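An overview of the molecular structure
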Amino acid sequence: MMKRKSISAGKASLVLVLCQMISALDVPLDSKLLEELLQPPTITQQSPKDYIVDPRENIVIQCEAKGKPPPSFSWTRNGTHFDIDKDAQVTMKPNSGTLVINIMNGGKAEAYEGVYQCTARNERGAAISNNIVIRPSRSPLWTKEKLEPNQVREGDSLVLHCRPPVGLPPPIIFWMDNAFQRLPQSERVSQGLNGDLYFSNVQPEDTREDYICYARFNHTQTIQQKQPISVKVFSMDSLNDTIAANLSDTDIYGAKPVTERQPILLTPTGSTSTKVELRGNVLLLECIAAGLPTPVIRWIKEGGELPANRTFFENFKKTLKILDVSEADSGNYKCIARNILGSAHHVISVTVKAAPYWITAPRNLVLSPGEDGTLICRANGNPKPNISWLVNGVPIAIAPEDPSRKVDGDTIIFSHVQERSSAVYQCNASNEYGYLLANAFVNVLAEPPRILTPANKMYQVIADSPALLDCAYFGSPKPEIEWFKGVKGSILRGNEYVFHDNGTLEIPVAQKDSTGTYTCVARNELGKIQNEVHLEVKDPTMIIKQPEYKVIQRYGQVSFECIIKHDSTLFATVIWLKDNEELPDDERFLVGKDNLTIMNVTDKDDGTYTCIVNTTLDSVSASAVLTVVAAPPTPAIIYARPNPPFDLELTGQLERSVELSWIPGDENNSPITTFVIEYEDGLHEPGVWHYQTEVPGTQTTIQLKLSPYVNYSFRVIAVNEIGRSQPSEPSEQYLTKSANPDENPSNVQGIGSEPDNLVITWESLTGFQSNGPGLQYKVSWRQKDVDDEWTSVIVANVSKYIVSGTPTFVPYEIKVQALNDLGYAPEPSEVIGHSGEDLPMVAPGNVQVHVVNSTLAKVHWDPVPLKSVRGHLQGYKVYYWKVQSLSRRSRRHVEKKILTFRGNKTFGMLPGLEPYSSYKLNVRVVNGKGEGPASPDKVFKTPEGVPSSPSFLKITNPTLDSLTLEWGSPTHPNGVLISYILKFQPINNTHELGPLVEIRIPANESSLILKNLNYSTRYKFYFNAQTSVGSGSQITEEAVTVMDEAGILHPAVGAGKAMASRQVDIATQGWFIGLMCAVALLILILLIVCFIRRNKGGKYPVKEKEDAHADPEIQPMKEDDGTFGEYSDAEDHKPLKKGSRTPSDRTVKKEDSDDSLVDYGEGVNGQFNEDGSFIGQYSGKKEKEPAEGNESSEAPSPVNAMNSFV
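First things first, this report covers the structure right here in the doc. Fair warning: this is a prediction, and the values are worked out from it, not measured in the lab.

1. Digging into the overall build of the protein chain
Helix and strand content of the protein chain: 8 helices and 85 strands. Residues classed as buried in the protein chain amount to 43% of the 1206 residues present. Considering only residue pairs separated by 6 or more positions, the protein chain has 66% of its internal contacts joining residues 24 or more positions apart. A total of about 63700 Å² of accessible surface is found on the protein chain, and carbon and sulfur atoms cover 51% of it.

So, in C-alpha cells, the structure goes:
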C-alpha cells in the first residue's frame, strides 16, 4: 500500500501520482468509468520482433490495441505504407489490427518476407508496434558429398563431422544408427555444440558403418539425414599380423603397441579464444580433449568463482552452462583436461554485451488543463543505447510543435498543458545488439471526482489490528480527499489516523469504539462526491486452553485439548498438524470439536502437534510435544465399567440451547465408546430422567437443544464394552424461558356418540410440550361443504369436547390449536370428522336369489341410497334360514344364519345349503350404529341332491345258501328316493374277489333274503340309495354262509366285533385244530412280511391282493380308514381304477359355478376370514361323512387281525 506523500513535494510528485492512477484505470474496477473516459490508443498485443513462420501455413501478424474512442489500424512494410486492400491474400480481422496472410490458398510465404509495423490511431493520438521481422522457416536438404571410410588405429582420436545444412531456425543435431537408436555417449565419445561427434580415443567396438547424423527442424517438423559414415578401428594385434605377412623374415620391426597419451584439446584449438554473449542469455562454453586414458575436464574462472545457483555442467562436464548472464560474468574461463600422463588447458575470454534494457520506461500520464508533468525514458545497455523520441509515430523533430513540451535527452517536460496536448509518445532505445520501443500517452482530461469504491462496503477487522478503509477515486484535476465518521461527523484528524494518497484511511489500532460508518469526500474544482463505508471491529480469536506437553506409554491413548473462544459472528475452523504437516491418514487419529485424540499410540506418533484456529479475519495457533515411551511391565489388566463423569458445567445458556461439558471418569482399562446424556424436568416430572442424546467417547462437550418452560438438570453416563457407568451427579438446574407452544395436539378425531352430537378428541400435549404455563386448547369446527364460519371454544387442558345439536352424520372440518399464557401454537392442520350416526332408514330392495345348485345360491340386491344409511356404510347382512325339508315335510327348530358382506357390495354367495329344502332370507344394511330394517323375506328352494348312505345295514339268519339283509333309510334323503342298489361278491380263502352281482330294490323295501348262495362262503356287500339325481354314498358289510349243520358261524355286526351263536364244542374237532394252526402260521408269515415291508417302505401282500381285486365302486382307502395304506410309499398314490367313481354326495362340478371365494359372506355358521372370504367347505368340495354305524361287522380274519395289530 502506498505511503502518504507530501502535497508540497512538487509537480513531479503530482504527475507520478496521476500516472499511477491512470494505470489503475487499465484494470476494469469500474467498467462504466472506463467506457466514459477518453483515452489515447495503447498497444495490448503484438507479434514478436523476430517472427519465424511456417511457410505451409497462413501468416498471422498480431496487433491489438485499446482506446476511447476505439482506434483504427494501418500497417507499413519495409518502411512504406502497406495497402492491404490491394492484396487479395491479405485481410485484417474486424475490430482489430491483426493481419492474416493467406498462404494455404496459393500465396507464397517468401513473397511476404520483410519488416512490418502496426499503427493504432484515434483522435487522441497514435501508438505504434515494434518492427516485426517476418521470415519463413527453412529446412534445406543436405548437400551431397563423397564420404571416405574412416580407418583409424586403436587409441587414436577421431572427429566425425556433421556439417548440417543452414536452416531457419538452426536445426537440432543428434547421432543415430540404421536402427534409429541413439548412439551411446560417454566421457570418451560425445557430441559437440557444433554437432560433430568426438572420440577422445577409439576402441575396437567403435567399428561400424552406420554413424548417421540427423538434423531436426522443429518449426517445420522435418528431419534430414546425412549419409552414413563408416569407421573401422584397427587393433594392434591384427595390424601386426598383417605387417608380418607382408614383410620378409629379416624385417624385425612392426606396429607399435597402443601407447598412452597425455591430453590435447580437439576443440577449441589453440590456448586461448574469445566469446561474446548478450546479457540475460545462456552462456555455453565447451572443451573436448583427446588422450588415453580418457581425460577428465574441470572448469575454473580466473580471478573469481563460478556463479552459484546459475552454473551447470553438461555433456560429462565438457560443457559449462551459466544461466541469465550479466556483465559481472565477463572474464576468463579456463578448462583443464587431465589424465595420468598430464594435462592441457584452454582459456576462453568471455565478454558480456547487453542489448538495451529499461531502467525507467515511460508511463502513461494523465494531466488536467494547466498542469505540468514529465515523461522519463531511461535505458541501459553495452554499449550505452541512444534515446530517440517520436510522437504519434513521427520523429519528434519533424512532428507538429507543441509549446507545452520540451525535450531534454531522455526526458520530455510538459508545462501548462491543454487538451490539445494529448498524444502518444514513443521512446526508442537502441544499440548494435537491439532496440526497445515503448508507447506512453499524455492524456489531458477535465473530469469531476469519481469514487470507485462500492458504496456501503463493509470492512471487518480484529480489535487492536489496523483497519484500512478504501476510497479509490479519480478526477482531473486530482481531487482532495477528506474523511468523516458518521454522516454528519466532524472531519477526521490526528495521530490516530493515517491518510494515504490513494484515498485509503488507515486506523492503525482499531478498537471496539471504532465500529461505525465512515464517509469519504472527494472534491476538485469541477465537483464534489462522497461515499459511505462501514467498519465492524470483532473480538480476537483466542485459545483459552492450549495443548500441553504429554508423555505417553506405547499403545496408550493421549488427548490434546484446544479450547477456543472467538467472536460469535465469525465462523472458526480448527486444524491439527503434526510436525507442521497434515495429520497422518490413520483412523487412530480422532479430531473432536476441541481436542485431538490418538488411540493406540506408537513410536512414529512422537512429535509436535499444533492446533491452528482460523476465522475469516484472524488465525491463532498453539503447539505441544508428544513423547512416546515404552510401557513398563504391568500386572494383569482388570477391565471394568467406567467411573461416572464428573464436574458437569453448563455454559452459553440461550433460550433454546445450552452447552454441557464434563470430565470423563476413569475408563478402567476399557476405552469409553459413548457418553449418554439424560435430562430431568424438575417442573413437570421431577425425579424422572429422560434420554436426551449421546455422543462419541472422545467428545466431552455438546450443544443441547432445549424446549421452553422446562427446569432442566442433566446427567452423563459413560459406556464402554464392559457396560454403563453410574450416572454422574446432576448438573445445576437451568429453567428455560416460556414461549408459545411449538406444536398442536395430535390424533385429532371427530366421531359422534349420538345422532345429534360430535365428539372431538385429541391427544393432549405433555407438560414438556406446553412451552409455558396456562396450557389450553382452542377447539374449532364447521360443517364441511357449507359456507359456515368457524365455531371456536377455548377449553382447559382436557382431551375431549362434545358439540351438541348437530345434524345426523354430516362431515365437519375440525382443528385443535394449543395455546398458553404467551400465545398460540402455529396454525393447526384440519381433519375431517362426522357427527353421530343413526340406524339406517331404508331396507335394500329388489332382492333376487339365483339357486346355483343343491347346496349353493347367489343373492342380489339393490344398494340403499347413501343418505338413508345415516352413517358409515359398513356393509350388508344376509339373514337366511331353512323353513322345511321338502322330502319329509317336517318342521324343526329354525336356526337363522347370518352372512356379512363388507362395503358397498350388492351380491353374495350362500354356501352350505341342504338339498331339496325351502329357505327364506332377507337383507339389511349395516352402519356404525347398527342394522337397518330388513327387506321382505324372500323364499327359495333348493333342488334334489344325491342321498346320504343308508342309516344301517344288518345281515342276519345265515343258512347254507341264504342270508337276510335289513337296512334303514338314509338320514338325509336329499330328495325322493326311487330305489336301493345292492352289489355283492364272494371272497375266497386267498382274499380274491369273485364276480360282482347287482340288484335294484324298490325304495319302499327295508329287507331282502338272498338265496342260492354258496355254503361256507364269505360275501362282501355294497349298499346305497338313489334319487333322480343319482346314487348316494354306499355302506359295506361282509357275512359268511353256514359251513355245515354241525356249527353255524353268525356274521359279525359292527366294526370287528364277532357275535357267536350257540354251537357244539368244536375245540376238540380235528379239522378245527388244523384250521387254527393254518391261521396261526398265516398270521406269523404276515407279521414277518409286514415287518420286512415296513422297513423297506414297500407294500404288504395283503394290500397287493386287495388292490388287485378292489371293488371298482370303492376309492383307495385314506390314511384315516386304518388300512395298510399308511405304510405305502409314494407309488401307492395312484388314480382310481377304471369304473370307479367319486362319491357324489354334496358334490358340485367346477363348471357348475363360476363364483369365487370372495362372493361368500361371513357369518356365525360359516368359516370366514377377517376380510369376509369363505374358507369352509361348500359345494364343489368333498365332505367327509361321519361314521353312523355304516361299517359292517365281520368275523376275525387275517386282515382284520392285522388291522387290530396296527
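2. Notes on the packing of aromatic side chains
Taken as a whole, this structure holds 23 aromatic pairs when the rule is applied. Taken together, a centroid distance of 5.7 Å and an interplanar angle of 5° make the contact between F174 and Y214 stacked. Here F174, found in strand β14 (residues 172-176), pairs with Y214, found in strand β17 (residues 208-217); they are 40 residues apart in sequence, far enough to count as distant. Looking at Y214, the relative accessible area reads 4%, which means it is buried.

3. Digging into the side chain of S935
Along the chain, S935 turns up in the loop between β77 (917-926) and β78 (938-941). Classification of S935 by relative accessible area gives buried; the value is 3%. Non-local contacts of S935, meaning those with residues more than four positions away in its chain, are made with A843, P844, V847, N922 and V923.

4. Looking at the sheet that holds strand β26 (residues 319-322)
Taken in spatial order, the 3 strands make up an open sheet running β22-β26-β25, and their pairing is antiparallel. A strand with exactly one partner marks an edge of an open sheet, and here the two such strands are β22 (283-286) and β25 (311-314). Between one strand axis and the next, the sheet turns by 20° as a mean value, whatever way the strands run. Looking at chain direction, β22 and β26 are connected through 4 bridges and run antiparallel. Bridge pairing in β26 places L284 opposite K321.

5. Looking at the state of the cysteines
Scanning all chains against the criterion turns up 6 disulfides. C162 shares a disulfide with C213; S-S distance 1.9 Å. Note on the C162 and C213 pair: the S-S dihedral is about -70°, so by sign convention the disulfide is left-handed. Of the two residues, C162 is situated in the loop between β13 (158-160) and β14 and C213 in strand β17; the sequence distance between them amounts to 51 residues. A relative accessible area of 1% means that C213 is categorised as buried.

6. As for the pairing of β25
Regular strands show a simple pattern: their side chains alternate between the two faces of the sheet. Summarising the sheet, β25 and β26 pair through 4 bridges and their orientation is antiparallel. Within β26, the position partnered with F312 by the bridge is K321. Between the antiparallel neighbours β25 and β26 lie 4 residues, among them N315 with a positive phi of about 55°.

Procedures and definitions
- Residues numbered from 1 in each chain as written.
- Predicted model: local features only at pLDDT ≥ 70, side-chain atom pairs only at ≥ 80, totals over all residues.
- Heavy atoms only, no water.
- Helix = DSSP H or I, 4+ residues; strand = E, 2+ residues; numbered from the N terminus.
- Buried < 20%, exposed > 50% of the residue type's maximum accessible area, 1.4 Å probe, protein only.
- Contact = heavy atoms within 4.5 Å.
- Areas by Shrake-Rupley, 256 points an atom, 1.4 Å probe, with all protein chains shown as cover.
- Phe/Tyr/Trp six-rings, centres within 6.5 Å; stacked < 30°, edge-to-face > 60°.
- Pairing = 2+ DSSP bridges.
- Axes fitted to C-alpha atoms, helices over the stretch in contact; angles between N-to-C directions.
- Disulfide = S-S within 2.5 Å.

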